[in-house]
Amino acid sequence: MYRALGEKPGQGGEVNLGYVGPATQRCHVMALSGRGLDRVSQEGFTMAENISAMSTATAEIDPAVPHVPRVLDYLLGGEANFESDRAAAAYAFANWPGEPGGLEGVRVDVREARGALRRIVTYMAEDCGIRQFLDIATGLPTVDNTHLTARAVAPGSRTVYVDNDPLVVAYSRQLLAAENGADGEQTVFLEGDFRDPQDVIGRASATLNFTEPVGIVLFGDAALPRGLHRPAPPVR
């Protein structure tokens, strides 16, 4: 999904986070027939820092280098981020236009976008009775993301997340393991690319029953794939 990594803030150079604003917050939702992680430890560390300290299998996750999905988590008010992500957000969005502007203005935009996602998933779960969700190119599964919203309506809902960023996949699996405990089979995170829909659906079928309705969520993604001039074919 996101592969733009910046230099470490405070060491010179430009922090390139990509664009996390209203222009990228496009929503595409299809239906196929067929409370968050905002926790802080007693020691005062964020969820991200606690997981990093406990993990022995994620050396590829560098807490000193900002990563766009973690920056987005920070802007949403989550705790799945590091100090480098928070510093990068403050640096990159200091001159965000509007009223309010700056970092607070960005927060308004991204939280409105997350509110739209929450309303979409709530509608599918509550009004349409959908209990299975396939969320493609999701970023981090935090702060009222699809599985949390669906479970608020129907606790037994199943969600498969898919992202093509290995850092996102590794980190998200840790976050879900810490959140789900023994309930982990209800929410699964796969590494995959929506440009290969047959592969995504084939592997998601280990968790989702495609003979029953499945809500497919593509939120803010169809306008972004690199090297794909026509996103419509894989979406269809």
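Data block above holds the structure.
Throughout what follows, the structure given in this document is the object of discussion. Fair warning: this is a prediction, and the values are worked out from it, not measured in the lab. Each residue is numbered by its place in its chain's sequence as written, counting from 1. Totals for whole chains, interfaces and linings use all residues, but because this is a predicted model, local features are given only for residues with pLDDT of at least 70 and pairs of side-chain atoms are given and counted only at 80 or more. Side-chain measures were taken over the full set of non-hydrogen atoms in the model, leaving aside hydrogen atoms and water.

Some remarks on the nonpolar core
- Side-chain atoms within 4.5 Å link the members of a nonpolar core, which is a set of buried Ala, Val, Leu, Ile, Met, Phe, Trp, Tyr and Cys residues. Only protein chains enter the calculation, and the probe is 1.4 Å; a residue is then buried if its accessible area is under 20% of its type maximum, exposed if over 50%, and partly exposed in between. Of all hydrophobic cores here, the largest spans 14 residues; its most connected members are Leu134, Ile136, Val160, Val162, Ala204 and Leu208.
- Put simply, DSSP marks the helices as runs of H or I at least four residues long and the strands as runs of E at least two long, and each gets a number from the N terminus on. Mapped by element, the contributors of at least two residues to this core are β2 (132-136), β3 (158-163), α7 (197-204) and β5 (214-219).

Quick word on the packing of aromatic side chains
- Between 30 and 60 degrees the pair is tilted, below 30 it is stacked and above 60 it is edge-to-face, where a pair is any two Phe, Tyr or Trp rings, Trp via its six-membered ring, whose centres lie within 6.5 Å. A complete count under the given rule lists 3 aromatic pairs for this structure.
- An angle of 85 degrees between the planes, with centres 5.7 Å apart, marks the rings of Phe93 and Trp96 as edge-to-face. The pair Phe93 / Trp96 is uniform in exposure class, with both members buried.

Notes on the environment of Arg119
- By the secondary structure assignment, Arg119 is in helix α4 (residues 102-127).
- Taking the relative accessible area as the measure of exposure, Arg119 reaches 54% and is therefore exposed.
- Through-space distance from the C-alpha of Arg119 to that of Thr149 is 8.7 Å; in sequence the pair is 30 residues apart.

Observations regarding the pairing of β3
- Within β3, 5 of the 6 residues are buried, leaving the element largely enclosed by the surrounding structure.
- Across 5 bridges, β2 lies against β3 in parallel orientation. Counterpart to Phe133 in the pairing with β3 is Thr159.
- Look down the strands so they point away from you; if the path from the first strand over the helix to the second goes clockwise, the crossover is right-handed. The handedness of the β2 to β3 crossover, carried by helix α5 (residues 146-153), is right-handed.
- Relative to strand β4 (residues 187-191), β3 is paired through 5 bridges, and the arrangement is parallel. Of the residues in β4, the one forming a bridge with Thr159 is Thr187. Two strands pair if DSSP finds at least two bridges between them.

Considering the environment of Arg118
- Structurally, Arg118 is set in helix α4.
- Whether two residues are in contact is decided by their heavy atoms: any pair within 4.5 Å suffices. Here Arg118 is in contact with Asp144 and Thr149, once residues within four sequence places are set aside.

Some points on the pattern of salt bridges
- Only one rule defines a salt bridge in this text: a Lys or Arg side-chain nitrogen within 4 Å of an Asp or Glu carboxyl oxygen. One pass over the structure, following the stated rule, counts 6 salt bridges.
- Two residues, Arg107 and Glu104, come together in a salt bridge whose shortest N-O distance is 2.4 Å. Note that Arg107 and Glu104 are positioned in helix α4 at a spacing of 3 residues, about one turn of the helix.
- Put simply, Arg203 and Asp199 hold a salt bridge, and the shortest N to O gap is 3.2 Å. Taken as a pair, Arg203 and Asp199 lie in helix α7 at a separation of 4 residues, close to a single helical turn.
- Arg203 gets classed as partly exposed once you look at its relative accessible area, which sits at 34%.

Any link to function would need more than the numbers given here.
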